[in-house]
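# Understanding the architecture of this molecule
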Amino acid sequence: MTTAIEPTTVFRDLYIDGAWRPGSSGERFPVLDPADGSTVAEFAVATPEDCDAAVAAAAAALPAWSATAPRVRSEILRRAWEILTAEADVLAELMVRENGKSWADAKAEAGYATEFFRWFAEEAVRIPGDWRLSPAGDKRIVVTHRPIGVSLLITPWNFPAAMATRKLAPALAAGCTTVLKPARETPLTAAYLVDALERAGVPKGVVNLVTPVPTGPAVARMLAAEPVRKLSFTGSTEVGRELLKVCADRVVNPSMELGGNAPLIVLPGADLDQAVEGAFLAKMRNGGSACTSANRFYVHDSVHDAFVERMTARLRATKVGPGLDRGNELGALVSVGERDKVARLVDTAKAEGATIEVGGAASEHGAFYSPTLLTGVAHGSTINATEIFGPVTAVVRFTDVDDAVAQANDSEFGLIAYVFGEERAAMQVATRLDAGMVAVNRGVVSDPAAPFGGTKQSGLGREGAGEGILEFLETQYIAVTA
Ligand code: NAD
């Protein structure tokens, strides 16, 4: 295949106050290709002083950006959508290189990620307000929304483009200025997005990019800085909990998109073609490294064997290999460490009584793990209670729908659930599930126009839709004598 981009031509530096520059220590860290372990690029390490400079630049840019006409902010976001739509292949290739995902997953993410700029270009000019007479008739109640201020945006490696645009687009639409801290595994995609925003006309200081090593102390330092009023975090529940504690010190406003452990229920009477197609997408999209990935499969006794047979055949036919080979459906996991974590979980499942119907093999070279299906998994077993983050389908058999609903809800997570079945029965089950999102007879829910987020320890707040911009706005009430 032809290469759309040489990664060495993509920025590998920090972006602070409208300028690309190396970190002040001159140090760099390697960004690795998970397919073969080679170094894609050496990215700049941000020192604590670089992080301070990024926060200061965002603070200095805030008054002008928040006073910029919504239409002007909107048109900049729209231009970013146009640029990235035209350059979707470049964006996709960068993601394949540093994340390992398949070409199809990378192209799908490029489209999804870019769409947030168009959606929030449209939302920027529709920020809601209210004006009404008080019940006593003594005053006008005027309700407006103000940008919350300097926002720290922290993103994970599994969707390096979409998790960043899902925060950048609403923050900029709302009139906030930002400091973006991408995951250490995937900074090149973030740098490319920032470059696209610069080309779209984002003024200096409005978007800043830092990659501190180590991360924790630098993030705590930024959250302690007076101008920072907002933290929008996507990542693990473990880190999210710690950051909520840090936010508490200065009552920084947090939005948290955290871990999941999604149940997928196949009811009696489900259309099995639809269920297998949906289950394959829900499980294998992004190689299973998705917070939305179906993790706990509860399949009714009456359809269990047929479902397992068809799903096993589908997984056996799945082509695995480097994402740059566009024929491969499943790419690499992000690192050898992640591959080994998945392998250990499967070993534990086996020791706890599960049977491997297909897969169960880690590659010798590169971070690949074969598409796997386990039967005889018990509710509450280690693999059932853990976010797998890999291409492993762990099936629990059930006979009573009420039990399946109770087991599906028996988790500290509540991000998403999937239900397959006759529509009325599936809808009835959907309404009983404690999850921020439920997919009925389909394997994917993500849409920039829909509110994304979870209940319980899967997070706080919503991204996308109309809700997404409200996360970056403060409500202000003005009382005017009538
Ligand atoms: P992670 O929590 O390890 O890292 C996420 C981000 O936090 C990275 O940028 C990382 O550098 C940073 N970080 C790590 N330690 C930190 C610390 N002590 N202080 C401040 N920042 C720190 O998560 P990950 O492994 O990159 O991503 C996988 C997790 O993300 C999974 O649990 C997955 O479910 C979750 N996720 C959730 C959503 C969602 O929308 N709910 C979306 C994607 C991923």
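See the structure above.
Near the ligand you find 28 residues, and of these Thr 155, Arg 166, Ser 236, Leu 258 and Glu 387 are the closest. A distance of 3.0 Å separates an oxygen atom of the ligand from a polar atom in the side chain of Lys 181. At 3.5 Å from an oxygen atom of the ligand is found a side-chain nitrogen or oxygen belonging to Glu 257. Listing elements by their share of the shell around the ligand, those giving two or more residues are helix 5 (162–174), helix 7 (215–224), strand 10 (228–234) and helix 8 (237–250). Looking at which element gives the most residues to the shell around the ligand, the answer is helix 7, with three residues.

With that settled, consider helix 11 (residues 336–351). The first and last C-alpha atoms of helix 11 sit 22 Å apart over 16 residues, in line with the 22 Å expected at 1.5 Å per residue. Of all the positions in helix 11, only Glu 338, Arg 339, Val 342, Ala 343, Leu 345, Val 346 and Ala 349 are classed as buried. Around the axis of helix 11, the buried residues are gathered within 160° of arc, so they sit on the same side. In helix 11, the exposed residues that point more than 90 degrees away from the buried face are Arg 344, Asp 347 and Ala 351. In this structure, the buried side of helix 11 is in contact with strand 14 (355–358), strand 15 (372–375), helix 12 (382–385) and strand 16 (392–398). A positive phi of about 110° marks Gly 353, the residue just after helix 11.

This next bit is on the pattern of salt bridges. By the definition in use, this model includes 25 salt bridges. Here Arg 28 ties to Asp 13 by a salt bridge, and the two come within 2.5 Å at their closest N and O atoms. Of the two residues, Arg 28 is situated in strand 3 (residues 28–32) and Asp 13 in the segment before strand 1 (14–16); the sequence distance between them amounts to 15 residues. Using a relative accessible area of 34% as the deciding quantity, one classes Arg 28 as partly exposed. Notably, a salt bridge pairs Arg 21 with Asp 50, separated by 3.2 Å at the nearest N-O pair. Note that Arg 21 is positioned in strand 2 (residues 19–21) and Asp 50 in helix 1 (residues 48–67), a separation of 29 residues in sequence. Several salt bridges converge on common partners, so that one network encompasses Glu 87, Asp 195 and Arg 199.

The next point concerns the packing of helix 7 against helix 8. Where helix 7 contacts helix 8, the two axes come as close as 9 Å, and the packing angle between them is 25°. Overall, the two elements helix 7 and helix 8 adopt an arrangement that is roughly parallel. Crossing hand, helix 7 versus helix 8: right-handed. In contact with Val 219, Ala 220, Leu 223 and Ala 224 of helix 7, helix 8 contributes Leu 243, Val 246, Cys 247 and Arg 250.

Read from one edge to the other, the open sheet built from three strands follows the order 5-6-22, with strand pairing classed as antiparallel. In this open sheet, the two edge strands, each paired with only one partner strand, are strand 5 (130–133) and strand 22 (473–481). Shown here is a sheet whose adjacent strand axes are inclined to one another by a mean of 20°, direction ignored. Bridge analysis of strand 5 against strand 6 (residues 139–147) gives four bridges, and the strand direction is antiparallel. Across the sheet, residue Asp 130 finds its bridge partner in strand 6, namely Val 143.

In this section: unusual backbone geometry. Look at the link from Val 213 to Pro 214: it is a cis peptide, with omega at -5°. Tracing the backbone shows Pro 214 in the loop between strand 9 (207–209) and helix 7. Of note, the phi angle at Asp 17 is positive, near 55°, even though the residue is not glycine. With respect to the helices and strands, Asp 17 occurs in the loop between strand 1 and strand 2. Judged by its relative accessible area of 34%, Asp 17 is partly exposed. In this model, Lys 456 sits at a positive phi of 45°, which is unusual for a non-glycine residue.

Angle between the axes and distance between the axes are the two parameters that describe a pair of packed helices. Put simply, helix 3 (residues 88–99) and helix 6 (residues 187–200) touch, their axes get as near as 8 Å, and they point 160° apart. With respect to helix 6, the axis of helix 3 lies roughly antiparallel. On helix 6, the residues touching Val 90, Leu 91, Leu 94, Met 95 and Glu 98 of helix 3 are Pro 187, Leu 188, Thr 189, Tyr 192 and Leu 193. For the contact of helix 3 with helix 6, the per-class residue count stands at eight nonpolar, one polar and one charged.

This part is about helix 8. With 14 residues, helix 8 extends 21 Å from end C-alpha to end C-alpha; this agrees with the ideal 20 Å at 1.5 Å per step. On its buried side, helix 8 packs onto strand 7 (150–154), helix 7, strand 10, strand 11 (253–257) and strand 17 (413–414). In the stretch just after helix 8, Val 251 is the one whose phi turns positive, near 50°.

Conventions and cut-offs
Residues numbered from 1 in each chain as written. Predicted model: local features only at pLDDT ≥ 70, side-chain atom pairs only at ≥ 80, totals over all residues. Heavy atoms only, no water. Near = heavy atom within 4 Å. Polar contact = N/O pair within 3.5 Å; in protein donor to acceptor, adjacent residues only side chain to side chain. Helix = DSSP H or I, 4+ residues; strand = E, 2+ residues; numbered from the N terminus. Expected span 1.5 Å × (residues − 1). Buried < 20%, exposed > 50% of the residue type's maximum accessible area, 1.4 Å probe, protein only. Arc of directions from axis to C-beta. Contact = heavy atoms within 4.5 Å. Salt bridge = Lys/Arg side-chain N within 4 Å of Asp/Glu carboxyl O. Axes fitted to C-alpha atoms, helices over the stretch in contact; angles between N-to-C directions. Parallel < 35°, antiparallel > 145°, perpendicular 65-115°, else oblique. Left-handed = near helix turned anticlockwise from the far one by under 90°. Pairing = 2+ DSSP bridges. Nonpolar A, V, L, I, M, F, W, Y, C, P; charged D, E, K, R; others polar.

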